[in-house]
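Each chain is listed here by its residues.
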Amino acid sequence: MRWEFGRRSTNVEDRRGSRVSAPVVGGGIGAVVLAVIVALLGGDPSIIFDQTQTPSDRSSQTQRPATEDQAADFVSVVLADTEDTWSNLFQQSGKTYVEPKLVLFSDAVKSACGFARSAVGPFYCPADQKLYIDLSFYQDLKNKYQAPGDFAQAYVIAHEVGHHVQNLMGISSRVSRLQRQVNEVEANQLSVRQELQADCFAGVWAYHADQSRQILEAGDIEEALNAASSIGDDRLQSQSKGYVVPESFTHGSSAQRVRWFKQGIQTGNPAQCDTFAVANP
C-alpha cells in the first residue's frame, strides 16, 4: 500500500502509556456490551472487567519502539484518507461528514461506552464518536489471525470508520432500537447485517482512495480479503471452541465478510451496501 506520502490526520488522540484504573464496580453498559460480544466470539469476558488491577502503569514518557511509532503514523494516514473519501461522498449527497477521533491506547482504555481491555480488539464507540485501537492488535492480526500486510491493517481502520458512517446516517440507532424489540437470535442477525455493511463501507473507501490517490499495490486487495476472512465468526468460533454456532454470530461468516467487502470495493457506491435489504446477506 502506498501510504508514506499521504497527509496525516489531526484527529488522532494518543493515550498510549496513560495510567487507567479499572472500575470498582462493573464497567458501565458499554463494557457489558463489549463483554457479551467477546463471550459470543468464544473469548473470555474477564479481559474487559478487572476489579483488582490497574491495567497500565507505564509512564507516558516511556520510549516506544520505532515500529510502534511507524504504526501510529500509518494509522494517522489511513484515518486522513477515510476523512477525505467520506467527506467527498457526504458532500455529493448534500450532507456534512463529521470526522471521528481515533484513540491510540495501550492495555486498557475508558470510553463513553465503558472500560475495555485491548484484548477486545479495535472498536468504535458511537456515544463519543471515537475509534479505539491498541496497536498491538496488528501483531495479533499477523500472527494469531494469519492476516499480515499493511492493507489488511488499513481495512481494520476503515471498518471501524464504517461504523462511524452508520452512526452519522442514523443506521446504528435504528439497529439498536430494533434489537431491543426482538429475541437474542434476531438481535444477533441485526448485528451481523450491521457489521457486514461496515465491511462494505470499508470497501467503498478502498475504491475511492485508489481511484483518487492510487494507494493500492499488487496483493493489497488479497490482504484485505484475507483479513476479512480471518475474523469471520465461523473461523473464530472454530478456533476457540472447535465448533460453530451460527445463531450466535454477531459479525458474519468469513464468506459473508469477504463478499460484502468485495461489493464495496467493486462498486464504490455506499447505496450498494444495504445489507438490511437482502434476504440472505
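The sections below set out a description of the structure shown in this document. Just so you know, these numbers come straight off a predicted model, no measurement behind them.

## A short note on the state of the cysteines
Part 1: Overall, the coordinates contain 2 disulfides when judged by the stated rule.
Part 2: A sulfur-sulfur separation of 2.0 Å characterises the disulfide bridge that pairs cysteine 200 with cysteine 273. On the sign convention where negative means left-handed, the S-S torsion of about -70 degrees between cysteine 200 and cysteine 273 marks this disulfide as left-handed. A residue pair is termed long-range when its members are at least 10 positions apart, and cysteine 200 in helix α6 (residues 184-213) and cysteine 273 in the segment after α9 (254-267) qualify at 73 residues. Assigned by exposure class, cysteine 200 and cysteine 273 land together as buried.
Part 3: When the bonded cysteines of the protein chain are numbered from the N-terminus onward, they pair as 1-2, 3-4.

## Let's talk about the nonpolar core
Part 1: With 53 residues, the main nonpolar core has Met1, Trp86, Tyr138, Phe151, Ile157, Trp205 and Phe261 as its most contacted residues.
Part 2: The element contributing the most residues to this core is helix α2 (residues 66-92), with 10 residues.
Part 3: Non-local contacts of tryptophan 205, meaning those with residues more than four positions away in its chain, are made with Met1, Val78, Asp81, Thr82, Thr85, Trp86, Phe151, Ala154, Ala158 and Ile215.
Part 4: Counting residues in hydrophobic clusters, the runner-up holds 8 residues, among them Val103, Val109, Cys113 and Ala116.

## Remarks on the packing of helix α5 (residues 171-179) against α6
Part 1: In contact at an axis separation of 9 Å, α5 and α6 are set at 165 degrees when each is read in the N-to-C sense. Relative to α6, the element α5 is oriented roughly antiparallel. The hand of the α5/α6 crossing is left-handed. On α6, the residues that touch Ile171, Ser172, Val175, Leu178 and Gln179 of α5 are Ala187, Leu190, Ser191, Gln194 and Gln197.
Part 2: Looking at side-chain class alone, the contact of α5 with α6 contains 5 nonpolar, 5 polar and no charged residues.

## Re the pairing of strand β2 (residues 101-104)
Part 1: Where strand β1 (residues 12-14) meets β2, 3 bridges bridge the pair, whose relative direction is parallel. In the sheet register, aspartate 14 faces β2, and the bridge partner there is leucine 104.
Part 2: Here β2 runs beside strand β6 (residues 130-133); their pairing, made up of 4 bridges, is parallel. Counted as the bridge partner of leucine 102 is leucine 131 from β6.

Procedures and definitions
Counting of residues starts from 1 at the beginning of each chain's written sequence and follows it residue by residue. Given that this is a predicted model, residues contribute local features only at a pLDDT of at least 70 and side-chain atom pairs are listed and counted only at 80 or more, while totals for whole chains, interfaces and linings are drawn from all residues. Hydrogens are left out, water is left out, and the side-chain values use all remaining heavy atoms of the structure. Any cysteine sulfur atom paired with another within 2.5 Å is treated as part of a disulfide. Strands here mean DSSP runs of E at least two residues long; helices mean DSSP runs of H or I at least four residues long; both are numbered from the N terminus. Remark: exposure states derive from per-residue accessible area (1.4 Å probe, protein chains only) relative to the maximum for the residue type, with buried under 20%, exposed over 50%, and partly exposed in between. By nonpolar core we mean a set of buried residues, namely Ala, Val, Leu, Ile, Met, Phe, Trp, Tyr and Cys, connected to one another through side-chain atoms within 4.5 Å. The contact criterion used throughout is that any non-hydrogen atoms of two residues lie within 4.5 Å. A fitted line through C-alpha atoms serves as each axis, taken over the contacting stretch for helices, and the angle formed by two N-to-C directions is quoted from 0 to 180°. Here the word oblique covers every angle except those under 35 degrees (roughly parallel), over 145 (roughly antiparallel) and from 65 to 115 (roughly perpendicular). We call a crossing left-handed when the near helix sits turned anticlockwise from the far one by less than a right angle, and right-handed when that turn is clockwise. Under the grouping applied here, Gly and all other residues not named as nonpolar or charged are polar, the nonpolar ones being Ala, Val, Leu, Ile, Met, Phe, Trp, Tyr, Cys and Pro and the charged ones Asp, Glu, Lys and Arg. Paired strands are those between which DSSP finds at least two bridges.

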